[in-house]
Amino acid sequence: MKLDRRMLLRGATAGAGLAALQGLMPAWAQTGSLGLRADLPTLTGPNVDLTIGHSPFTVNGRTATATTINGVLPAPLLRLREGQNVRLSVTNTLDEDTSIHWHGILLPFHMDGVPGVSFPGIRPRETFVYEFPLIQSGTFWYHSHSGLQEALGHYGPIVVDPAGADPVAYDREHVLVLSDWSFMNPHEILDKLKKSPGYFNRQRTSLSGLFDGSDRFSLEERRMWGEMRMDPRDILDVNGTTYTYLINGHGPQENWTGLFRPGERVRLRVINASAMSIFNVRIPGLPMTVVNADGENVRPVETDEFQISVAETYDVIVRPTEDRAYTIVSEAIDRSGMGRATLAPRLGMTAEVPPLREVPNLTMRDMGMGGMDHGNMAGMDHGAMGGSQNGAMAGMDHGAMAGSAGGAMAGMDHGAMATQSGGAMAGMDHGGMAGMNMRDPNNAPPDMAVGVGVDSIAMAPANRLGERPLGLQDVPHRVLVYTDLVSLAPNKDQRPPSRTMEIHLTGNMERFMWGFDGRKFSEIVEPIRFELNERVRVTLVNDTMMAHPIHLHGHFFELVTGGPVGHQPLKHTVNVAPGGKVTFDLTADAPGDWAFHCHMLMHMHAGMFNVVTVRPLEGGAS
Ligand SMILES: [Cu+2]
């Protein structure tokens, strides 16, 4: 059985034929679509040997050469224990440099594995020995930080068991490594994106879609997006047109299966090890209790679906009581494809695979218009604006907007507005909502480099941590939002921040250029400097219309969610929504140089990367 995109779209009911066929086969032959149980090969400490090389990898009946660790994709599960010392010898059999970064693991900076920042990298035929104590527990992962190797399979899961009792009770667990695989070499993918950033987007709005209504857009909205040379469906740069979405290295039709006994509490450790894919994860018929995010325990919160950005992890507890199968769905956020696996009491069982849902449209808020104080915008249709999830522009009274120039300005929340002359707003007329460039880079803050690397800024970026993520605004079930996350244990450092810092995530979509504050890494001359142990409030402003999962090495930061004092969630990676902003408080307690970057592999490669330097180093060196 082949689960192609068309089948996914109409919903593949795992048919009776399949079940019947499976009954005819002995258990040992039950692989592929009949339920593949492939427990991840597991290595434990204190001494671990890892060899990086090329291995064949097969999915969808096609084989290619992957870049693997110990010959498997994903790499072996590293099962370690808090309090132990681990020694990892990594041998490079490639003809190019490689590296391993231990994502989310707190360690001395020279063990962090980023070539050019923490160490020189691992040359061909060299072995590098990483050695560090494990001072935390939770779900993490590891991957290459060299070139685009990660996109070729160079990633694997890490579980660190707690030294003491685990506050999370469960009877069984499965690690779920979500990833994306393409038979197109990642360098070719990147080339295509540089020549034509919409290359992989086959879901663009169209004239026919406009006229038959299937685009769910008005002519006005269409023109507005057109004038910004944007398509409201540019959601993922690379998507299901080239990617097969994997769960534990298996495509949807291979149906990786995790077993359970009815009534058991099953802990699922979900890791997004993708190069370029954000997923919405759900298990139809089974509520999920989120207990851990990025390796840090959170107060249990029950949900039906969560979005997991690149490099994030979530642990959930599920308790299936029926003797039946459940489908695990990891749907790409642009609905161009999905990963699929099964939870079942026995191998070979399947459940219905839900169809891919309708492609979502980006909204005003994704344009960076979300931070306007709607209540004060005279003449605007507040309801439509506030609920701008679906085609809010249609609900705006453009005439009134133009008429309200002066007054509306005063009522609009935001520093970004202050830099804008009233003239711009006054110049807004009907049709002018688009004609006025609401995303004019000239409105950028003074310390931002406004060159070719910036094609727009967010006029009124909103804190979107409490909003349902893209495409999930209207689903008829519960959806996890960042503000649901509350640290289980009190955070260690509860000092108020002594200084603030704003960092803009910038880009030029037409040229596939990405950077911080208008500069790509090769143009950045200064690292971001922190004093050792200082507490800093950092606000990330996403001036682009794409999501950026921003990751800081060597630290966890406290997301400013407005949650219970001392219990705001700690994260190593946070997804900054398009046109949105995220504020976190950071205690710079790890001396050294650390990578700070977008975890969309190709955004990082194209320049959205910088070094964070925490000084003085221990021993007084500065
Ligand atoms: Cu990015």
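Predicted, not measured: the structure shown is a model, and the values here were computed from it. (Residues numbered from 1 in each chain as written. Predicted model: local features only at pLDDT ≥ 70, side-chain atom pairs only at ≥ 80, totals over all residues. Heavy atoms only, no water.)

## Regarding the overall build of the chain
Here is step 1: Each helix and strand in the chain was counted, giving 12 helices and 32 strands.
Here is step 2: Put simply, the chain has 622 residues, and 62% of those count as buried.
Here is step 3: Within the chain, residue pairs in contact and separated by at least 24 positions form 76% of the contacts whose partners lie at least 6 positions apart.
Here is step 4: Approximately 22,400 Å² of the chain is accessible, and the part contributed by carbon and sulfur atoms is 51%. (Helix = DSSP H or I, 4+ residues; strand = E, 2+ residues; numbered from the N terminus. Buried < 20%, exposed > 50% of the residue type's maximum accessible area, 1.4 Å probe, protein only. Contact = heavy atoms within 4.5 Å. Areas by Shrake-Rupley, 256 points an atom, 1.4 Å probe, with all protein chains shown as cover.)

## Thoughts on helix 3 (residues 186-195)
Here is step 1: Taken together, the buried positions of helix 3 are Pro 186, Ile 189, Leu 190 and Leu 193. Buried residues along helix 3 cover an arc of 95° about the axis, so they all sit on one side.
Here is step 2: Turning to helix 3, the residues buried within the fold contact strand 10 (172-182) and helix 12 (601-605).
Here is step 3: In this structure Asn 185 caps helix 3, since a side-chain oxygen of it lies 2.7 Å from the backbone nitrogen of His 187. (Arc of directions from axis to C-beta. Polar contact = N/O pair within 3.5 Å; in protein donor to acceptor, adjacent residues only side chain to side chain.)

## Concerning the nonpolar core
Here is step 1: Counting 142 residues, the largest nonpolar core has Leu 50, Trp 102, Tyr 130, Phe 132, Phe 530 and Leu 540 as the members making the most contacts within it.
Here is step 2: Residues contacting Leu 50, with those up to four places away along its chain left out, are Leu 43, Ile 69, Asn 70, Leu 78, Leu 88, Ser 89, Val 90, Thr 91, Ile 100, Trp 102 and Tyr 142. (Core = buried A, V, L, I, M, F, W, Y, C linked by side-chain atoms within 4.5 Å.)

## Re the packing of aromatic side chains
Here is step 1: Evaluation of the coordinates by the stated rule reveals 18 aromatic pairs.
Here is step 2: Residues Phe 512 and Trp 514 carry aromatic rings whose centres are separated by 5.7 Å and whose planes lie at 85° to one another, so their mutual orientation is edge-to-face.
Here is step 3: According to the relative accessible area criterion, Trp 514 is buried, its value standing at 2%.
Here is step 4: What links up through ring pairs into an aromatic cluster is the set Trp 102, Phe 119, Phe 128, Tyr 130, Phe 132 and Tyr 142. (Phe/Tyr/Trp six-rings, centres within 6.5 Å; stacked < 30°, edge-to-face > 60°.)

## Description of the sheet that holds strand 5 (residues 85-92)
Here is step 1: Taken in spatial order, the 4 strands make up an open sheet running 3-2-5-7, and their pairing is mixed. A strand with exactly one partner marks an edge of an open sheet, and here the two such strands are strand 3 (62-69) and strand 7 (127-133). In this sheet, adjacent strand axes meet at a mean angle of 25° when their direction is disregarded.
Here is step 2: Here 7 bridges tie strand 5 to strand 7, and the two strands are oriented antiparallel to one another. Among the inter-strand pairings, Thr 91 is bridged to a residue of strand 7, identified as Thr 127. (Pairing = 2+ DSSP bridges. Axes fitted to C-alpha atoms, helices over the stretch in contact; angles between N-to-C directions.)

## Remarks on the side chain of Asp 112
Here is step 1: Its location among the elements puts Asp 112 in the loop between strand 6 (101-103) and strand 7.
Here is step 2: The side chain of Asp 112 is buried and forms no salt bridge, while Arg 615, the nearest opposite charge, is found at 12 Å.
Here is step 3: Leaving out residues up to four positions away in the same chain, Asp 112 has contacts with Ile 100, His 101, Trp 102, Leu 107, Ser 118, His 553 and Trp 594. (Lys, Arg positive; Asp, Glu negative; His and termini not counted. Salt bridge = Lys/Arg side-chain N within 4 Å of Asp/Glu carboxyl O.)

## With respect to the pattern of salt bridges
Here is step 1: What the rule picks out here adds up to 29 salt bridges.
Here is step 2: One salt bridge connects Glu 173 with Arg 79, and the closest N-O pair in it is separated by 2.6 Å. Taken together, the residues Glu 173 in strand 10 and Arg 79 in strand 4 (residues 77-81) connect sequence positions 94 residues apart.
Here is step 3: Between Asp 294 and Lys 571 there is a salt bridge whose closest N-O contact spans 3.2 Å.

## Things to note about the pairing of strand 31 (residues 592-598)
Here is step 1: Burial analysis of strand 31 places 7 of its 7 residues in the buried class, the great majority of the element.
Here is step 2: Residues Gly 592, Trp 594, Phe 596 and Cys 598 point to one face of strand 31 and Asp 593, Ala 595 and His 597 to the other, with burial holding for every one of them.
Here is step 3: Note: strand 26 (residues 548-552) against strand 31, 3 bridges, orientation antiparallel. Residue pairing in the sheet places Leu 552 in a bridge with Phe 596 of strand 31.
Here is step 4: Sheet analysis places strand 31 next to strand 32 (residues 609-615), joined by 6 bridges and oriented antiparallel. Among the inter-strand pairings, His 597 is bridged to a residue of strand 32, identified as Phe 609.

## Quick look at the sheet that holds strand 6
Here is step 1: Strand order in the open sheet made by the 5 strands is 1-4-9-8-6, with mixed pairing throughout. Both edges of this open sheet fall to strand 1 (42-44) and strand 6, since each of them pairs with a single strand only. Strand after strand, the sheet turns through a mean of 25° between neighbouring axes, direction not considered.

## Notes on the side chain of Gln 253
Here is step 1: Its location among the elements puts Gln 253 in the loop between strand 11 (243-247) and strand 12 (256-259).
Here is step 2: Here the side chain of Gln 253 touches Asn 60 through a polar contact of 2.4 Å, side chain to side chain.

## Considering the pairing of strand 22 (residues 499-508)
Remark: a regular strand shows side chains that alternate across the two faces of the sheet.
Here is step 1: The element strand 22 is largely enclosed, with a buried count of 7 among its 10 residues.
Here is step 2: By the bridge criterion, 7 bridges tie strand 22 to strand 25 (residues 535-542) in an arrangement that is parallel. The residue bridging Arg 499 from the neighbouring strand is Val 536, located in strand 25.
Here is step 3: Direction of pairing for strand 22 relative to strand 23 (residues 513-516): antiparallel, over a ladder of 4 bridges. Looking at strand 23, one finds that Asn 508 is bridged to Met 513.
Here is step 4: Taking the residues between adjacent antiparallel strands as the criterion, strand 22 and strand 23 are bridged by 4 residues, where Phe 512 takes a positive phi near 50°.

## Some remarks on unusual backbone geometry
Here is step 1: With omega at 10°, the peptide bond leading from Gly 45 into Pro 46 counts as cis.
Here is step 2: Summarising the element assignment, Pro 46 is placed in the loop between strand 1 and strand 2 (47-59).
Here is step 3: The backbone of Asn 60 sits at a positive phi, close to 55°, despite the residue not being glycine.
Here is step 4: Considering the arrangement of structural elements, one finds Asn 60 in the loop between strand 2 and strand 3.
Here is step 5: The exposure class of Asn 60 is partly exposed, given its relative accessible area of 26%.
Here is step 6: Within the chain, Phe 512 stands out as a residue other than glycine whose phi angle is a positive 50°.
Here is step 7: Tracing the backbone through its elements, the reader meets Phe 512 in the loop between strand 22 and strand 23.

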